[in-house]
Amino acid sequence: MRLINKYLALFILLNASSLFSNWIPEVSLKPSGSVYVGKYSGELERYNLDAGLDVSFSLLNWKTTDFFIEYISNLEMAKQVGNITFDPRYGHWFIIGGLRYKKGSYLIQSYLVHDCKHIIDLLPDSNKVVFNRLKFSISQNLYDFRNRFQVETKKKKRIRKMRWEFIYGFYPQSKVIDYLNSRPYYHHDFEFLFEYPLFFYQSGEIFTGIKGRYVISAHDPPKYYREISLLIEANIFNDNGCFGLYIENFPVSQDPLKAPEELSIIGLKYRF
């Protein structure tokens, strides 16, 4: 009887440790993200050059679920004047944290976004805007650049499949915490992205895409803003990263903070 009890106790202990181990996350600090720079068409002072950096870290990983943090920095440069080569006009910084769940080619995310936009070299800094919001998103075939471009699949075996993403954002407004969101810019926004591969080559791809955004402001009554952009991008990739050349056109752009309507931008992007 004692021997049976020992085996039973060992069996329970092994199963409990196995069950408990599934709840212990792996710690990972491997970064992913992108850097880009782009030049606008036209001669508008407000829109000349854009540059940005996006870095994401998966901190805790439970097989299909992970907790991540992300940092984004975007720099908008105005028309160059005199001896000024680059004239930074606006800086936009984001800190993001949340959870993402991966199931096959699908990715579901829920995350918090804090960001602020400043006018550079203008004192006092009374014109900055601050935002805090909760976002939900679902996407397919956009988990990372390897999944996006089927990097590990030979050219003949790559599938020409749609890539897409839908995002909803909620910006809480409060008279008690007035700095929670700069009013009355945003209250809700809805975003979408569709991409479709046009051509495959040995270590690359050319794809076309469309982006859209619909914003409901916190005005009373609310105002509504729309954004549509069309893009085409050529990429060369390997196991470590992806280098791209892109052209994006903005036929509709009504955002109250940034609206390059009827302009195009051509730029370079590196994903890692």
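For the structure itself, look to the data block above.
The structure reproduced in this document is the subject of the present report. Small disclaimer: the values here were computed from a predicted structure and weren't measured. By convention here, each chain's residues receive numbers from 1 onward along its written sequence. Totals for whole chains, interfaces and linings use every residue, but because this is a predicted model, local features are given only for residues with pLDDT of at least 70 and side-chain atom pairs only at 80 or more, for both listing and counting. With hydrogens and water excluded, all non-hydrogen atoms of the structure serve as input to the side-chain values.

## Regarding the side chain of Asn235
For step 1, the next point in the chain: Only DSSP runs of H or I reaching four residues or more are called helices, and only runs of E reaching two or more are called strands; each is numbered from the N terminus. With respect to the element layout, Asn235 can be found in strand β11 (residues 224-237).
For step 2, the next point in the chain: For Asn235, a relative accessible area of 0% gives the class buried.
For step 3, the next point in the chain: What qualifies as a polar contact is a pair of N or O atoms within 3.5 Å, subject to a donor-acceptor requirement within protein and to the restriction that residues adjacent in sequence count only when both atoms come from side chains. Within the local environment of Asn235, its side chain forms a polar contact with the side chain of Glu233, the two groups lying 3.2 Å apart. Exposure classes here rest on a 1.4 Å probe applied to the protein chains alone. A residue is buried below 20% of its type maximum, exposed above 50%, and partly exposed in between.

## Examining the pattern of salt bridges
Oppositely charged side chains can pair when the atoms bearing their charge come close.
For step 1, the next point in the chain: One speaks of a salt bridge when a side-chain nitrogen belonging to Lys or Arg is within 4 Å of a carboxyl oxygen belonging to Asp or Glu. Taken as a whole, this structure holds 19 salt bridges when the rule is applied.
For step 2, the next point in the chain: A salt bridge links Glu76 to Arg46, with the shortest nitrogen-to-oxygen separation between them at 2.7 Å. Here the residue Glu76 occupies a position in strand β4 (residues 65-78), and Arg46 occupies one in the loop between β2 (31-40) and β3 (49-62), the gap between them amounting to 30 residues.
For step 3, the next point in the chain: One network of salt bridges, with partners in common, ties together Lys135, Asp189, Glu191, Arg213, Glu227 and Asp255.

## Observations concerning the environment of Asn238
For step 1, the next point in the chain: By the element assignment, Asn238 lies in the loop between β11 and β12 (242-253).
For step 2, the next point in the chain: Sequence separation between Asn238 and Ser203 is 35 residues, and the spatial gap between their C-alpha atoms is 6.8 Å.
For step 3, the next point in the chain: Here Asn238 is in contact with Phe145 and Val151, once residues within four sequence places are set aside.
For step 4, the next point in the chain: Among the polar contacts made by the side chain of Asn238, one reaches the main-chain amide nitrogen of Asn240 at a distance of 2.8 Å. In what follows, a contact means two residues having at least one pair of non-hydrogen atoms within 4.5 Å.

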